[in-house]
Amino acid sequence: MSSRSSSPPKGPLYIGFDLSTQQLKGLVVNSDLKVVYLSIFDFDADSQGFPIKKGVLTNEAEHEVFAPVALWLQALDNVLDGLKKQGLDFSLVRGISGAGQQHGSVYWGQDAEKLLNGLDAGKRLQEQLEGAFSHPYSPNWQDSSTQKECDEFDEYLGGADKLAEATGSKAHHRFTGPQILRFQKKYPDVYKKTSRISLVSSFLASLFLGHIAPLDISDVCGMNLWNIHKGAYDEDLLKLCAGPHGVEDLKRKLGDVPEDGGIDLGKVHRYYVDRYGFSPECTVIPSTGDNPATILALPLRPSDAMVSLGTSTTFLMSTPSYKADPATHFFNHPTTPGLYMFMLCYKNGGLAREKIRDAINDAKNEKNPSNPWANFDSVALQTPPLGQTSPSDPMKMGLFFPRPEIVPNLRAGQWLFNYDPSTGNLTETPNGEGWNRPADEARAIIESQMLSLRLRSRGLTSSPGGDIPAQPRRVYLVGGGSKNKTIAKIAGEILGGSEGVYKLEIGDNACALGAAYKAVWALERKKDQTFEDLIGARWHEEEFIEKIADGYQKEAFERYGKAVEGFEKMEQRVLEQEGRK
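Residues numbered from 1 in each chain as written. Predicted model: local features only at pLDDT ≥ 70, side-chain atom pairs only at ≥ 80, totals over all residues. Heavy atoms only, no water.

This part covers the side chain of Ser 287. In this fold, Ser 287 is placed in the loop between β13 (283-284) and β14 (288-289). Residue Ser 287 is classed as buried on the basis of its relative accessible area of 5%. Engagement of the side chain of Ser 287 in a polar contact is seen with the backbone nitrogen of Gly 98, the distance being 3.0 Å. Apart from the residues lying within four places of it in its own chain, the contact partners of Ser 287 are Ser 97, Gly 98, Ala 99, Ser 201, Leu 204, Ala 205 and Asp 216. (Helix = DSSP H or I, 4+ residues; strand = E, 2+ residues; numbered from the N terminus. Buried < 20%, exposed > 50% of the residue type's maximum accessible area, 1.4 Å probe, protein only. Polar contact = N/O pair within 3.5 Å; in protein donor to acceptor, adjacent residues only side chain to side chain. Contact = heavy atoms within 4.5 Å.)

According to the stated counting rule, one finds 38 salt bridges in the structure shown. With a closest N to O distance of 2.8 Å, Glu 578 and Arg 411 form a salt bridge. A residue pair is termed long-range when its members are at least 10 positions apart, and Glu 578 in the segment after α21 (554-577) and Arg 411 in the loop between β21 (409-410) and β22 (413-420) qualify at 167 residues. Overlapping salt bridges bring together Asp 304, Arg 473, Arg 474, Glu 499 and Glu 541 as one network. (Salt bridge = Lys/Arg side-chain N within 4 Å of Asp/Glu carboxyl O.)

Moving on, we get to the pairing of strand β23 (residues 425-428). For β22 and β23, the ladder comprises 4 bridges, and the chain directions are antiparallel. From the neighbouring strand, Phe 417 faces β23, where its bridge partner is Glu 428. Count of turn residues in the β22/β23 antiparallel hairpin: 4 residues, of which Gly 424 carries a positive phi of about 80 degrees. (Pairing = 2+ DSSP bridges.)

Our next topic: the environment of Tyr 340. Following the sequence through the fold, Tyr 340 ends up in strand β18 (residues 340-346). Counting along the chain gives 142 residues from Tyr 340 to Ser 482, while the straight-line C-alpha distance between them is 25 Å. The contact partners of Tyr 340, leaving out residues within four places of it in the chain, are Ile 228, Met 317, Ser 318, Thr 319, Pro 320, Ser 321, Tyr 322, Phe 330, Phe 331, Asn 332 and His 333.

Before going further, it helps to examine the environment of Val 257. Here Val 257 is to be found in the loop between α11 (247-254) and β12 (266-267). Linking Val 257 and Val 79, residues 178 residues apart in sequence, is a C-alpha distance of 28 Å.

A word on the packing of helix α5 (residues 147-156) against helix α7 (residues 176-186). The interhelical angle for the contact between α5 and α7, taken along N-to-C directions, is 120 degrees, at an axis separation of 9 Å. Accordingly, the angle class assigned to the pair α5 and α7 is oblique. Considering how the two elements wind past one another, α5 and α7 form a crossing that is right-handed. Along the contact surface, α5 presents Lys 148, Glu 149, Cys 150, Glu 152 and Phe 153, while α7 presents Gly 177, Pro 178, Leu 181, Arg 182 and Lys 185. Here the contact of α5 with α7 is built from residues that sort into 4 nonpolar, 1 polar and 5 charged. (Axes fitted to C-alpha atoms, helices over the stretch in contact; angles between N-to-C directions. Parallel < 35°, antiparallel > 145°, perpendicular 65-115°, else oblique. Left-handed = near helix turned anticlockwise from the far one by under 90°. Nonpolar A, V, L, I, M, F, W, Y, C, P; charged D, E, K, R; others polar.)

Written out as structure tokens, the structure is:
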């Protein structure tokens, strides 16, 4: 696949790779940030010799989800072959960076450095490097085999709150620390023979360097091992994770972490020069995690918010404030010291909205295949905010979880409440008393999701000045739901956005694009020039974004501010009822 113009692009060029669960992408941009080539290798459709489904293998008995590392080797040569067939002149490529699915780990064997350094341009990566690994598989972010290890991590520093304060997150199944702890207990002999442990991002950089690359300053925060305050691995957590093998051994396996996300790691290995025609001066820049790479797909300013409205919901923000909480994630910013990346991950997103959409269509007995959202949008816009036809009416709000949720930690279910902001009274309505169902639920599901984002991002946004309250500068929407202007309108009313709500026109290529931009910044920056300043000066809004809704509206923002207090009470009430913390 290519999006290049008819005339061959001139250099310098930069490649951003995205090694995700189901695909590897290689995306090429020029210095003006324009995409000139794109090559995609789909693991299920294009790979040979791997019995995978949606990019992974599963061991349901132990709740394991993992990927064959050799699959990724096959993919890289194929993506480069695809770029070559499209006519890319690799000699014009000045820099390479990448994005890797977060939390996955790669276990290198004793011969890894020798095999990486000795790559032969006459052979493909897979046939040369399959013997480079002590373990042939990488745990995937969907893996949930580490509950016991997560419990150990959460308690080791004195509770989930203290672990989150130190590392940016409470323990999660997918995080690399608990994964390594389980690995060394399950495979002690293999662990002993493991020379280095990479994240998926640093594994990708290692392939281009011809030796093991260091971990990235942002991606390392997805391990539950990096103490963000200290800017170093947490010695206590290393002790837990290493077990009888010892802290110093684990430190050697993990290696150092450069503070500069744009550091020159070295030149591309001769393999790529001889096989594909790369310049021997092409520089390898640290690859980062897929979520950090996503916020680099545009010059996201502090207090700008990005909301991904896919099957799940993800909220990303660049912020100078570090306010850790077990329900959220904090990472070091991938390029800018002094900034952090704040992230919320929800399992319920598009699926919850679609369930109510379908109920509304069924109630109306109307099917519109060309626009199944027409009825949902209509009733959501006709319903007044929070179902209040007058200021004295109670606010209608609810939780809608077709799947078990992690924010808050609740089983699948639906809970409906009425809230009186004048008295603070909160009344559950298990049968929907006073609700016009399912019509009221169309607006309520959007409000519920956006109120949760507003609740948990309080204190991280800034005030535009004057009497305008703290809020995001801009709200950027990505993912399938970003096309829905009804969702965008209500998102602006709840979250604000002093400059409005925007749709990002980057399709599914945000991670690869952010990685490519990272390479541009790393190699073309002036002394002390930030990523935001360099990319912002070259980023032409009319080509990348579209304003689709107003942001801050005083009356609506204040009304929803009162609703946030009721929403927090509602969550706490349900958690107590369910016996959850």
